[in-house]
Amino acid sequence: MSKGILWTIKIVVILVVIVFMTAAKEMGIPIIVKNIIGFAIIYGVWKYNPEEPNDNNKNQELDKS
């Protein structure tokens, strides 16, 4: 996945979470619960970093050290 697409997804998800946090405030959900859930989602999305798969099929031996 290219970095541009990943950044776009991160920004969109963060904006959606901020909108839900604002809506939760209007619905009467306690501020602490709203902040914990919202910031946990934002932190998880921000730290997500997919790595390329390791296709090293040449060495099929176990490391016995």
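A. Inspection of the overall build of the chain at higher detail. From N to C terminus, the chain includes two helices and zero strands. Accessible surface, the chain as shown: approximately 6000 Å² in total, 64% of it carbon and sulfur.

B. Local environment of helix α2 (residues 31-47). A rise of 1.5 Å per residue sets the reference length of α2, with its 17 residues, at 24 Å; its end C-alpha atoms lie 24 Å apart and thus fit the reference within 8%. Within α2, burial applies to Lys34, Gly38, Ile42 and Val45. Taken down its axis, α2 places every buried residue within 65 degrees of arc, on the same side. Seen from the open side of α2, the exposed residues pointing more than 90 degrees away from its buried face are Ile32, Ile36, Tyr43 and Lys47. Its buried side turned inward, α2 meets α1 (3-27).

About the thresholds
Residues numbered from 1 in each chain as written. Predicted model: local features only at pLDDT ≥ 70, side-chain atom pairs only at ≥ 80, totals over all residues. Heavy atoms only, no water. Helix = DSSP H or I, 4+ residues; strand = E, 2+ residues; numbered from the N terminus. Areas by Shrake-Rupley, 256 points an atom, 1.4 Å probe, with all protein chains shown as cover. Expected span 1.5 Å × (residues − 1). Buried < 20%, exposed > 50% of the residue type's maximum accessible area, 1.4 Å probe, protein only. Arc of directions from axis to C-beta. Contact = heavy atoms within 4.5 Å.

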